[in-house]
Amino acid sequence: MAEVATPRRSRITPEREAELYGAVLDLLREVGYDALTMDAVAARTRSSKATLYRQWGGKAELVVKAIRHTKPGKDIGAVDTGSLRGDFHALMAHADDAEMEQNSALMRGLAMAMHANPDLHREFRSQIVEPEIAEFRRVLQRAVDRGEVRPDCPALDFVVHMMLGAFVTCTILDERPPTRAFLTSYIDAVVLPALGAPVN
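Residues numbered from 1 in each chain as written. Predicted model: local features only at pLDDT ≥ 70, side-chain atom pairs only at ≥ 80, totals over all residues. Heavy atoms only, no water.

Colleague: Can you walk me through the environment of R146 in this structure?
Modeller: Among the structural elements, R146 can be located in helix 7 (residues 118–146). Separated by 63 residues in sequence, R146 and S83 place their C-alpha atoms 8.1 Å apart. Residues in contact with R146, not counting those within four places in the same chain, are D80, G82, S83, L84 and D87. From its side chain, R146 meets the backbone oxygen of G82 in a polar contact 3.2 Å long. (Helix = DSSP H or I, 4+ residues; strand = E, 2+ residues; numbered from the N terminus. Contact = heavy atoms within 4.5 Å. Polar contact = N/O pair within 3.5 Å; in protein donor to acceptor, adjacent residues only side chain to side chain.)

Colleague: Quick question: what am I supposed to make of the packing of helix 8 (residues 159–174) against helix 9 (residues 180–195) here?
Modeller: Between two packed helices, both the angle of their axes relative to each other and the distance between the axes serve to describe the pair. In contact at an axis separation of 11 Å, helix 8 and helix 9 are set at 140 degrees when each is read in the N-to-C sense. Judged on the interaxial angle alone, helix 9 and helix 8 are oblique. Note on packing geometry: the crossing formed by helix 8 with helix 9 is right-handed. Between helix 8, through V159, M162, M163, A166, F167, C170 and D174, and helix 9, the contact on the second element is made entirely by F182, L183, Y186, I187, V190, V191, A194 and L195. (Axes fitted to C-alpha atoms, helices over the stretch in contact; angles between N-to-C directions. Parallel < 35°, antiparallel > 145°, perpendicular 65-115°, else oblique. Left-handed = near helix turned anticlockwise from the far one by under 90°.)

Colleague: I tried to follow the nonpolar core on my own but got confused; where do I start?
Modeller: Across soluble globular proteins, nonpolar side chains show a tendency to be buried alongside one another. Membership of the largest hydrophobic core comes to 29 residues, with the highest contact counts inside it found for L84, F88, V149, V159, V191 and L195. Listed by contribution, the elements that provide at least two residues to this core are helix 5 (84–93), helix 7, helix 8 and helix 9. The greatest single-element share of this core, amounting to six residues, is contributed by helix 9. Among all residues touching F88, those that are not within four sequence positions of it are F136, L140, V159, I187, V191 and L192. (Core = buried A, V, L, I, M, F, W, Y, C linked by side-chain atoms within 4.5 Å. Buried < 20%, exposed > 50% of the residue type's maximum accessible area, 1.4 Å probe, protein only.)

Structure (structure tokens):
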């Protein structure tokens, strides 16, 4: 009886993977999610469309993995300075204002696209939102364990909402992209007081 070949993802080098993800994000910024095609990605990256589908399955998975790969602060939960304020400030120290401006525009465009693309929404939630919430919970749980935040503090469930809200609405309300200085000030003025955590 002949063996049936099973589909298998080919191996690509980390350098090639990073190059592909960078090209995907460049295209995404240029044309937006809806106009981005696997044909365009294949042409930009000198790849075959079949290879792209074999490696990533489809456009939604490829786009979200590109965002996750290049996102700063992927190891949020690993930051441990000994205080919640120190942890938040350390996370902001890794932020880059130019990248934040690019990412802010990118996220606004993707938020619109998610309404019309359930597959994109599903990938974004499973690959980025849920892991980041879990990482933030690790940071917050350490603060609770240290006695900085009460375990029954109602604001604990809304820290990610507060941070994301500040990041997204800065451009709308202030007509400027978010910056490290803005977010650091926001943490001290809003997030830490809401949690009842020390601010100095």
